[in-house]
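Okay, here's what each chain looks like letter by letter:
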Amino acid sequence: MPDRNPTAAPSDPSPYFQGFTPARPDPLTSGFPGVAPGSGLALPPETGAGTGAAMPVDLSPVGMFMGADLVVQSVMLLLLAASVVTWTIGLLKALQLGLALRRSRRLLGVLTDADSLTGATRASLALGGPERSLLALSLDEIGRSATPALPHLIRPLDSQKGLLERLSSVLERMESAAGRKASLGMGFLATVGATSPFIGLFGTVWGIMNSFIGISRAQTTNLAVVAPGIAEALLATALGLVAAIPAVILYNLFSRGATGYGATLRDVSSAILRLVSRDLDRGALDTAALEDARTALLRRD
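Residues numbered from 1 in each chain as written. Predicted model: local features only at pLDDT ≥ 70, side-chain atom pairs only at ≥ 80, totals over all residues. Heavy atoms only, no water.

- Per an unreviewed UniProt entry, the chain is named Biopolymer transport protein ExbB, and its organism is Phaeovibrio sulfidiphilus.
- In the Sequence similarities (unreviewed entry) part of its UniProt record, the chain is described as follows: "Belongs to the exbB/tolQ family."
- Per UniProt, the comment on the chain under Subunit (unreviewed entry) is "The accessory proteins ExbB and ExbD seem to form a complex with TonB." (UniProt positions renumbered as here; feature names shortened; annotations may be inferred.)

Pasting the structure below:
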């Protein structure tokens, strides 16, 4: 007797599935972990490590640098070099300006307390530094302007004014030379501070373009695939800021220091001119003694 149980499975189920089309995967739920296999939902064709994308294992700054594109690596190396040079210049300029300001202020104190140029020159022998060249050049100009027949530089008023004008010109030239020397390296700091953020931004834009290219090739927007490339790109911007911020701060500090140094040198020049004018009025400008003092100054330098 044939089995007419309706719940019995047929021996060949294929006729029952002829013309049946499986349901397409739901795009709102596909690709999520926890979707059971065989539920009618399909995973994306390539996810995670199956995409073949080169994801760096080490996401530290060094690891991101090693995994970055060659152009981005070049930008990072350039910014690192600029940062190293910035701190080197900062250390050297701090020592240079600090010593120069201290020497010039000590020399200004000696000139302010002196009653004559000869006494100021002798007192300045105990001081060091190139700031004494202002005194040496002043003494040299006085020696050239002296009358060989007179032991003292006693001249009419017009001639005295001419000497003071020549001394003022010589001192201004020395002030300009000292200011240029104090400003060495400032241009590099200004350049680094102004251009480093844009150089870092260029590396970031380049790295993000490479990330988008990788996304299109992997055909996935999985965060595990996208995030490392964007992090590498943003590292270039971070390095640009690391190089630019100290450069701007140091530039502002040293600009004020150089301005203060130049103001102190102008005060030194004014003090020298006052001493020369005082000695000329008293008729006590002994050129022979000043020449000996100038020789002693040059010997000490």
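The structure having been displayed, the exposition proceeds.
1. Here we look at the overall build of the chain
Okay, so step 1: On a plain count of helices and strands, the chain comes out with eight helices and zero strands.
Okay, so step 2: Ordered by position from N to C terminus, the α and β elements of the chain give α-α-α-α-α-α-α-α.
Okay, so step 3: Nonlocal contacts in the chain, meaning residues at least 24 apart in sequence, comprise 80% of its contacts between residues at least 6 apart.
Okay, so step 4: Total accessible area computed for the chain in this model is approximately 17,900 Å², and 64% of it derives from carbon and sulfur atoms. (Helix = DSSP H or I, 4+ residues; strand = E, 2+ residues; numbered from the N terminus. Contact = heavy atoms within 4.5 Å. Areas by Shrake-Rupley, 256 points an atom, 1.4 Å probe, with all protein chains shown as cover.)

2. A word on the packing of helix 2 (residues 70-113) against helix 6 (residues 186-218)
Between two packed helices, what matters for the description is the angle formed by their axes and the separation of those axes.
Okay, so step 1: Put simply, helix 2 and helix 6 touch, their axes get as near as 9 Å, and they point 160° apart. Classified by the angle between their axes, helix 2 and helix 6 sit roughly antiparallel to one another. Note on packing geometry: the crossing formed by helix 2 with helix 6 is left-handed. Residues V71, V72, V75, L78, L79, A82, V85, T86 and I89 of helix 2 form the contact with helix 6, whose participating residues are F188, L189, V192, S196, I199, G200, F202, G203, W206 and G207.
Okay, so step 2: Classifying every residue of the contact of helix 2 with helix 6 gives 14 nonpolar, five polar and no charged. (Axes fitted to C-alpha atoms, helices over the stretch in contact; angles between N-to-C directions. Parallel < 35°, antiparallel > 145°, perpendicular 65-115°, else oblique. Left-handed = near helix turned anticlockwise from the far one by under 90°. Nonpolar A, V, L, I, M, F, W, Y, C, P; charged D, E, K, R; others polar.)

3. Digging into the environment of R144
Okay, so step 1: For R144, the position within the fold is in helix 4 (residues 133-145).
Okay, so step 2: Judged by relative accessible area, R144 falls into the exposed class, the value being 65%.
Okay, so step 3: Sequence spacing of R144 and L163 is 19 residues, and the spatial spacing of their C-alpha atoms is 9.9 Å. (Buried < 20%, exposed > 50% of the residue type's maximum accessible area, 1.4 Å probe, protein only.)

4. Notes on the confidence of the model for the chain
Okay, so step 1: When pLDDT is averaged across the chain, the result is 75; 67% of the residues are at 70 or more.
Okay, so step 2: At the low end of the mean pLDDT range in the chain sits helix 8 (residues 287-300), at 67; at the high end sits helix 2, at 91.
Okay, so step 3: Segment residues 13-17: pLDDT under 50, and one contact once partners within four positions in sequence are set aside and those in other chains are kept.
Okay, so step 4: Below a pLDDT of 50 lies the segment residues 27-56, which in the model reaches 28 contacts outside its immediate sequence neighbourhood of four places, other chains included. (pLDDT = per-residue confidence, 0-100.)

5. Some points on helix 6
Okay, so step 1: Taking 1.5 Å as the rise per residue, helix 6 with 33 residues should run 48 Å; its terminal C-alpha atoms sit 48 Å apart, in good agreement.
Okay, so step 2: At T195, helix 6 shows its largest kink, close to 40°, and the proline P197 lies no more than four residues downstream.
Okay, so step 3: For helix 6, every residue scored as buried is listed here: M186, L189, V192, G193, S196, G200, G203, T204, G207, S211, I215 and A218.
Okay, so step 4: Positioned one or two residues after helix 6, Q219 has a phi angle of 55°, which is positive. (Expected span 1.5 Å × (residues − 1). Bend = angle between axes of the 7 residues up to and from the residue.)

6. Things to note about a nonpolar patch on the surface
Okay, so step 1: The grouping of L201, F202, V205, W206 and M209 at the surface amounts to a nonpolar patch, some 450 Å² of accessible area in total.
Okay, so step 2: In this structure, L201 sits in helix 6.
Okay, so step 3: Taking the relative accessible area as the measure of exposure, L201 reaches 45% and is therefore partly exposed. (Patch = residues over 30% accessible without salt bridge, like charges linked within 9 Å, V, L, I, M, F, W, Y side chains within 5 Å. Salt bridge = Lys/Arg side-chain N within 4 Å of Asp/Glu carboxyl O.)

7. Some points on the environment of A123
Okay, so step 1: Topologically, A123 is positioned in helix 3 (residues 117-123).
Okay, so step 2: On the basis of relative accessibility, which here comes to 37%, the residue A123 falls in the partly exposed class.
Okay, so step 3: Sequence separation of A123 and V110 is 13 residues, and the distance between their C-alpha atoms is 6.8 Å.

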